[in-house]
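Spelled out from the first residue to the last, the chains are:
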Amino acid sequence: MQFKSTKNDRETVSFREAALRCLPDDGGLYAPASDMDLRHFLFYMDADTSFPELVAALAPLLLQDALTPHSAARIAESAFHFEPEFKPLDERFSLLNLYNGPSGVCKDFGIAFLAAVIEELLKSGGQAMIISASRGDTGISVASAFRGRRGIRPVILYPSGPIRGLDPGALASQGGPLIPLQVRGTFDDCQRLMAEIIRDRPFSNRYGITSANTINAGALLPQIFYYIYGFIKAKPCLNGDLLFSVPSGNFGNLIAGLYAWKSGMPVNGFVAAMNRNNPVGEYMRGRPFIPRVPAATVSPALDVGMPANYERLASFYQDAPVVMRNMVYPCAVDDALTLKTIEGVWKRYGLLIDPHTAVAFAAAERFSAQRDSAHLVILGTSHPAREANAIALATGQKIEIPPRFALLREKTDPLAVIDPELSALEGAIASCV
Ligand SMILES: *Cc1c(COP(=O)(O)O)cnc(C)c1O
């Protein structure tokens, strides 16, 4: 698959270049230059197709011109040691749980695939530094996905406040490859700095800097796999429309769903579920996009004021505003309704869901009240044990924390604390490496 900038249709780059350079120099983001046609594959897949089988079939298509079919198959095999879990609930709702990976968060999928790809791409030589903006979860994904992969240095940029859950053995201070840097600022500052350092080409070329966040098409595109998986599992229970309800912060998840639809996945729409930080909702209703300083909520991964994927979203809306308005339904859910939904889902289905999933669940319920023939697949994006406090508050249920999340209680010391400025970040990197 070839990629183009969201700001320029004329030049295209290979998957390799999109993954290793991360950002085009014109201020845009890489997006697919043409639609993949997955219909042929969808025809052969059914509810019995396993996730590894699905990835093995689709990965070579995605990586076509970057790698040989043989190495694409090797990536499909080595990337995932975890899978999505499809849970039908009733006629109206299913859950697609994406939290069985190392961090317990949906981002494990894109990052695990990207790590396997980058290792394969570097086999012909070279080195890479993977910078990620994180509040913690992405850091855990990155530490796990890049563990033991040669020639790759992961750097985590995180905002003021502690970061938890990083495996001490992975840290540079303990002889591992991982460099945690704390930024005196917000998560949005971390995202901005990451883009700035990549765009400083003399610097980023010297270190081979790219990102594991969804600004990297190489981390975004593999999220298509789980939508297709959700689709083939949901298909047998359908007798009306099918929609996905997607808890959205940086909108990587939603964009991946839109790419899956553009590639031929026959879905009727998406509910873009947001918490009270919803400037994108206004934009989707046709008003200008105005970034805002986000407020803190019980679903912190959705507290984003300037979504990293805004450029990709805007290019969808510019191409076909009317289609988009009939395809994506924005819905904002406040904390009170989020907690009430956790309680409601527990009482009705005996299931504990985390606040991010609950935002999507509440939005799906609101949509379903208006169109009761639709079936909604709700993305379960965070493991309930990661959010045990909110769940206890809403349901009175105490969650057993699985041993693999024990580290979530442990704070990690940064290797350096820096001002939210490019020169400070570059200075810190130059002195740690
Ligand atoms: C990142 C994340 C999301 C949202 O995905 P975006 O691609 O940022 O929209 C939802 N839930 C959780 C738990 C997340 O970590």
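Here goes a summary of the coordinates provided.

Calculation notes
- Residues numbered from 1 in each chain as written.
- Predicted model: local features only at pLDDT ≥ 70, side-chain atom pairs only at ≥ 80, totals over all residues.
- Heavy atoms only, no water.
- Helix = DSSP H or I, 4+ residues; strand = E, 2+ residues; numbered from the N terminus.
- Rg over C-alpha atoms; globule rule 2.2 N^0.38 Å.
- Buried < 20%, exposed > 50% of the residue type's maximum accessible area, 1.4 Å probe, protein only.
- Contact = heavy atoms within 4.5 Å.
- Areas by Shrake-Rupley, 256 points an atom, 1.4 Å probe, with all protein chains shown as cover.
- Lys, Arg positive; Asp, Glu negative; His and termini not counted.
- Charge placed at Lys NZ, Arg CZ, Asp CG, Glu CD.
- Axes fitted to C-alpha atoms, helices over the stretch in contact; angles between N-to-C directions.
- Left-handed = near helix turned anticlockwise from the far one by under 90°.
- Nonpolar A, V, L, I, M, F, W, Y, C, P; charged D, E, K, R; others polar.
- Near = heavy atom within 4 Å.
- Polar contact = N/O pair within 3.5 Å; in protein donor to acceptor, adjacent residues only side chain to side chain.
- Salt bridge = Lys/Arg side-chain N within 4 Å of Asp/Glu carboxyl O.
- Parallel < 35°, antiparallel > 145°, perpendicular 65-115°, else oblique.
- Pairing = 2+ DSSP bridges.
- Disulfide = S-S within 2.5 Å.

Observations concerning the overall build of the protein
Link 1 in the chain: The helix and strand inventory of the protein stands at 18 helices and 16 strands.
Link 2 in the chain: Taken over C-alpha atoms, the radius of gyration comes to 20 Å for the protein, in line with the 22 Å a tight globule of 433 residues would show.
Link 3 in the chain: Judged by the C-alpha coordinates and their principal axes, the protein covers about 60 × 45 × 40 Å.
Link 4 in the chain: By residue count, 59% of the 433 residues in the protein fall in the buried class.
Link 5 in the chain: In the protein, once contacts between residues fewer than 6 apart in sequence are set aside, the share between residues at least 24 apart is 73%.
Link 6 in the chain: For the protein, the accessible surface area stands at approximately 16,900 Å², while carbon and sulfur atoms represent 50% of it.
Link 7 in the chain: Of the charged side chains in the protein, 41 are positive and 43 negative; the average position of the first set lies 2 Å away from that of the second.

A look at the packing of helix α10 (residues 224-234) against helix α11 (residues 252-262)
Link 1 in the chain: α11 packs onto α10 with a crossing angle of 65° between their chain directions and a minimal axis gap of 8 Å. Between α10 and α11 the crossing geometry is right-handed. Residues I224, Y226, Y227 and I228 of α10 touch α11, and the partners they reach there are N253, L254, A256, G257, Y259 and A260.
Link 2 in the chain: Taken together, the residues of the contact of α10 with α11 sort by class into eight nonpolar, two polar and no charged.

Some details on the site of the ligand
Link 1 in the chain: In the region of the ligand, 15 residues are neighbours, and K107, G249, N250, F251 and T381 sit closest.
Link 2 in the chain: Contact distances for the ligand include 2.5 Å between an oxygen atom and a side-chain N or O atom of K107.
Link 3 in the chain: N250 places a polar main-chain atom, nitrogen or oxygen, 2.8 Å from an oxygen atom of the ligand.
Link 4 in the chain: For the ligand, the protein covers 97% of the area, taking 380 Å² as the surface of the free molecule.
Link 5 in the chain: Along the lines of polarity and charge, the residues of the shell around the ligand split into five nonpolar, eight polar and two charged.

Examining helix α13 (residues 310-319)
Given 3.6 residues to a turn, an α-helix orients residues that are three or four positions apart in the same direction.
Link 1 in the chain: Counted residue by residue, α13 has seven buried out of ten residues, so it is predominantly covered.
Link 2 in the chain: For α13, the complete set of buried residues consists of Y310, R312, L313, A314, S315, F316 and Y317.
Link 3 in the chain: Among the structural elements, β3 (30-32), α9 (217-220), α11, α12 (279-284), α14 (321-327) and β13 (328-332) are those in contact with the buried residues of α13.

Quick look at the pattern of salt bridges
Link 1 in the chain: Within the structure shown, the criterion is met by 17 salt bridges.
Link 2 in the chain: D241 serves as the salt-bridge partner of R371, at 2.8 Å between the closest nitrogen and oxygen. Here R371, found in the loop between α16 (355-370) and β14 (375-380), pairs with D241, found in the loop between α10 and β11 (242-247); they are 130 residues apart in sequence, far enough to count as distant.
Link 3 in the chain: Classification of R371 as partly exposed rests on a relative accessible area of 28%.
Link 4 in the chain: Residue class for D241 comes out partly exposed when judged on its relative accessible area of 24%.

Comments concerning the packing of helix α15 (residues 335-349) against helix α17 (residues 388-395)
Link 1 in the chain: Relative orientation of the contacting elements α15 and α17 amounts to 70°, with a least axis distance of 8 Å. Taken together, the axes of α15 and α17 lie roughly perpendicular to each other. Contact with α15, carried on its side by L339, I342, E343 and W346, involves A390, I391, L393, A394 and T395 of α17 and no other residues of that element.
Link 2 in the chain: Its residues placed into classes, the contact of α15 with α17 shows seven nonpolar, one polar and one charged.

Some details on the pairing of strand β2 (residues 8-13)
A regular strand places its side chains on the two faces of the sheet in alternate fashion.
Link 1 in the chain: Judged from the three bridges that link them, strand β1 (residues 3-5) and β2 form a sheet pairing that is antiparallel. Across the sheet, S5 pairs through a bridge with N8, a residue of β2.
Link 2 in the chain: Turn length for the β1-β2 hairpin, with the two strands adjacent in sequence and antiparallel, is two residues.

Some details on the sheet that holds strand β5 (residues 93-97)
Link 1 in the chain: Reading across from one edge, β4-β5-β14-β11-β12-β13 is the order of the six strands in this open sheet, with mixed pairing throughout. Both outer strands of the open sheet, β4 (85-88) and β13, are each paired with one neighbouring strand and no more. Sheet twist, expressed as the mean angle between neighbouring strand axes with direction ignored, is 20°.
Link 2 in the chain: Across five bridges, strand β12 (residues 269-274) lies against β13 in parallel orientation. Each residue of the ladder has a partner; that of M274, found in β13, is A332.

With respect to the state of the cysteines
Link 1 in the chain: Evaluation of the coordinates by the stated rule reveals zero disulfides.
Link 2 in the chain: A disulfide-free cysteine, C22 has its sulfur positioned 15 Å from the sulfur of C190, the nearest such atom.
Link 3 in the chain: Cysteine C106 remains unbridged, with the sulfur of C22 as its closest cysteine sulfur at 18 Å.
Link 4 in the chain: Residue classification places C106 among the buried residues on the basis of a relative accessible area of 5%.

Thoughts on α11
Link 1 in the chain: Counting buried positions over the eleven residues of α11 gives nine, a clear majority of the element.
Link 2 in the chain: For α11, the full list of buried residues reads G252, N253, L254, I255, A256, G257, L258, Y259 and A260.
Link 3 in the chain: Of the residues one or two after α11, G264 is the one with positive phi, at around 110°.

Points about the sheet that holds strand β9 (residues 179-183)
Link 1 in the chain: Reading across from one edge, β10-β6-β7-β9-β16 is the order of the five strands in this open sheet, with parallel pairing throughout. Looking at the sheet topology across the chains shown, the edges are occupied by β10 (209-211) and β16 (416-418). Each adjacent strand pair in this sheet contributes to an overall mean axis angle of 30°, direction not counted.
Link 2 in the chain: Along the sheet, helix α18 (residues 422-432) makes contact with β6 (128-133), β7 (152-158), β9 and β16, crossing β9 at roughly 155°.

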